[in-house]
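Reading the structure
Read off the chains here:
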Amino acid sequence: MASSTSGRRGGGLLSPAAAVLVVAVAVLLPAAQARGEPCYPRVFCFGDSLADTGNYAFLYGNDSGQPALWPPYGETYFHRATGRFSNGRLVVDFVADALGLPLVRPYWSGQSAGDFASGANFAVGGATALSPAFFRAKGVPMGDVVHLDMEMEWFRDLLGLLCPGDLAGCKGMMNQSLFLVGEIGGNDYNTPLLSRVPITEIRSFTPSVIAKISSTITELIGLGAKTLVVPGNLPIGCIPYYLMIFKSDKNEDYEPETGCLRWMNEFSQYHNELLIDELEKLRKLHPDAAIIYADYYGAAMEIFISPEQFGIEDPLVACCGGGGPYGVSTTARCGSGEYKVCDDPQKYGSWDGFHPSEAAYKAIAIGLLWGSYTQPPIATITKSCPQLSELGSSLEHKVLYDM
Ligand SMILES: *[C@@H]1O[C@H](CO)[C@@H](O)[C@H](O)[C@H]1NC(C)=O
Ligand SMILES: *[C@@H]1O[C@H](CO)[C@@H](O)[C@H](O)[C@H]1NC(C)=O
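It should be emphasised that the depicted structure is a prediction, and the values quoted were computed from it without experimental measurement. (Residues numbered from 1 in each chain as written. Chains lettered and ligands numbered in written order. Predicted model: local features only at pLDDT ≥ 70, side-chain atom pairs only at ≥ 80, totals over all residues. Heavy atoms only, no water.)

1. Some details on the overall build of the protein chain
Counting secondary structure elements, the protein chain contains 16 helices and ten strands. Pairs at least 24 residues apart make up 72% of the contacts formed inside the protein chain by residues separated by at least 6 positions. (Helix = DSSP H or I, 4+ residues; strand = E, 2+ residues; numbered from the N terminus. Contact = heavy atoms within 4.5 Å.)

2. Focus: helix H3 (residues 91-98)
Within H3, seven of the eight residues are buried, which leaves the element mostly enclosed by the surrounding structure. Looking only at H3, the buried set comprises Val91, Val92, Asp93, Phe94, Val95, Ala96 and Ala98. Of the residues trailing H3, Gly100 is marked for its positive phi of about 80°. (Buried < 20%, exposed > 50% of the residue type's maximum accessible area, 1.4 Å probe, protein only.)

3. Focus on the pairing of strand E4 (residues 227-231)
Extensive coverage of E4 is indicated by the burial of five of its five residues. Residues of E4 alternate between two faces, with Thr227, Val229 and Pro231 on one and Leu228 and Val230 on the opposite face, all of them buried. Sheet topology places strand E3 (residues 177-181) next to E4; three bridges connect them, and they run parallel. Its bridge partner being in E4, Phe179 is matched across the sheet by Leu228. With five bridges connecting them, E4 and strand E5 (residues 290-294) associate as parallel partners. Bridge pairing in E5 links Thr227 to Ala290. (Pairing = 2+ DSSP bridges.)

4. Considering the pairing of strand E1 (residues 42-46)
Burial analysis of E1 places five of its five residues in the buried class, the great majority of the element. Here E1 shows no split at all, with Arg42, Phe44 and Phe46 on one side and Val43 and Cys45 on the other all buried. Bridge count for E1 against E3 is five bridges, and the pairing is parallel. In the strand pairing of E3, Phe44 is matched with Phe179. Sheet topology note: the E1/strand E2 (residues 119-121) ladder contains three bridges and is parallel. From the neighbouring strand, Val43 faces E2, where its bridge partner is Gly119.

5. Points about unusual backbone geometry
Cis geometry is found at the peptide bond from Gly182 to Glu183, where omega equals 10°. Along the chain, the position of Glu183 falls in the loop between E3 and helix H7 (186-194). The residue after Gln375, namely Pro376, is reached through a cis peptide bond having omega -5°. Within the element layout of this structure, Pro376 appears in the loop between strand E10 (374-375) and helix H14 (378-381). Despite not being glycine, His79 shows a phi value in the positive range, around 60°. In this fold, His79 is placed in the loop between helix H2 (55-60) and H3.

6. Re the pattern of salt bridges
Taken as a whole, this structure holds eleven salt bridges when the rule is applied. In this structure, Asp344 and Lys347 form a salt bridge, with 3.2 Å as the shortest nitrogen-oxygen distance. Salt bridges linked by common partners bring Glu280, Arg283 and Lys284 together as one network. (Salt bridge = Lys/Arg side-chain N within 4 Å of Asp/Glu carboxyl O.)

7. Let's talk about the state of the cysteines
By the definition in use, this model includes four disulfides. Each sulfur of the disulfide joining Cys238 and Cys260 lies 2.1 Å from the other. Its torsion about the S-S bond being 110°, the disulfide of Cys238 and Cys260 is classed as right-handed. Here Cys238, found in the loop between E4 and helix H10 (240-245), pairs with Cys260, found in the loop between H10 and helix H11 (262-285); they are 22 residues apart in sequence, far enough to count as distant. Taken as a pair, Cys238 and Cys260 share a single burial class, namely buried. A sulfur-sulfur distance of 2.1 Å marks the disulfide that ties Cys319 to Cys342. Disulfide Cys319 to Cys342: torsion about the S-S bond roughly -90°, handedness left-handed. Separated by 23 residues along the polypeptide, Cys319 in the loop between strand E6 (314-318) and strand E7 (320-321) and Cys342 in the loop between strand E8 (340-341) and strand E9 (348-350) bring together distant segments of the chain. (Disulfide = S-S within 2.5 Å.)

8. Re the confidence of the model for the protein chain
Close inspection of predicted coordinates is inappropriate in any region flagged by low pLDDT. Across the protein chain, the average pLDDT comes to 89, with 85% of residues at or above 70. Confidence over residues 1-36 falls short of pLDDT 50; this stretch has 45 contacts with residues more than four positions distant or in other chains. (pLDDT = per-residue confidence, 0-100.)

9. Brief notes about the site of ligand 1
Close to ligand 1 lie Ala57, Asn62, Leu69, Trp70, Pro71, Ala81, Thr82 and Gly83, which account for all nearby residues. Between ligand 1 and Asn62, the relevant distance is 2.3 Å, taken from an oxygen atom to a side-chain nitrogen or oxygen of the residue. A distance of 2.7 Å is found between a nitrogen atom of ligand 1 and a backbone nitrogen or oxygen belonging to Leu69. Against a free-state accessible area of 360 Å², the protein chains account for coverage of 63% of ligand 1. Its residues assigned to classes, the shell around ligand 1 comprises five nonpolar, three polar and no charged. (Near = heavy atom within 4 Å. Polar contact = N/O pair within 3.5 Å; in protein donor to acceptor, adjacent residues only side chain to side chain. Areas by Shrake-Rupley, 256 points an atom, 1.4 Å probe, with all protein chains shown as cover. Nonpolar A, V, L, I, M, F, W, Y, C, P; charged D, E, K, R; others polar.)

Now the structure itself:
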């Protein structure tokens, strides 16, 4: 490891004006611990490495050779590797904090009903929406990864623990919980992309990916879920590793305003359009459930279009990785081989060339919770959540989260 970093914000006292602003916001919006009754007593989360808060380590073991289970992962916020595939907190962590809840416990780290008093996270690094068999039948190599049906099976097992012998008795718990269904589906594309399956063929998988996400939502609603947040795909054309391996000599392959790969971002938008259409169908079928689309693409695009508003200097360069123009190489990766770590991860949009940095996750979470990147707006659904609905401006929340 070339250099270690603190990642802490630069020192120095606040100017009096800044101090007044921070105090004013703090009075309007006390920190999570002081906020009293959480508006959702529980959060349940499904997904892949963008949402995994530690399951991978429990499922595959800390000696599985996955570098994300070791430092420098986790160094910025937790100061140890927690199994999160980033240097700090993820969107689900910021959402739980905003709701006044403790960090959502990885399902595989708990045992008793009491362990899951605030919910559970089923997301696992590497997880796909569709089963590995789907890909193998199409000649696409796929390991024995976790997939959405498995995460749902674990969720049903947990319901059995929380409401023994009486799943109907779980309805009161289900209708007060917030469900984060994803991000999931990214690996259904990442794995074939990395095996150089043509994008036209990968595109043909999307309707099946959407159908799997849809049937999962339907099952959750059948079990009593009333509030579901369903994230779309990120702009994958802005991922440093893809920028490296799909590098092009043609200017028109890049978006002029971001430097991201146009064809890959168009593909993310294609997935998202199908997802949005499907969610609209589900809303008609289940009018008493709130099905909220979380526009990860739009929220993340703000970082690539105007990184400076988030204090990010290099949105397309990995903080931790093998070096090179995008901070990544094919011979080393963050945590393994000859890799480098940047001095200040807060200035980077990508942590390891594949996964966003904590700074990027924070920007996305703020855009979802207090910005305009949920549809319908999460603040209108969660009227009993004063911390989500009282202040409309995401600017104040940037200050709050910077404290
Ligand atoms: C794995 O073990 C290492 C060394 O003991 C530790 O630093 C790291 O935090 C562990 N990772 C997880 C996810 O528990
Ligand atoms: C939640 O479900 C319980 C049990 O079925 C019911 O008594 C309660 O009114 C429901 N609450 C809401 C907000 O739907």
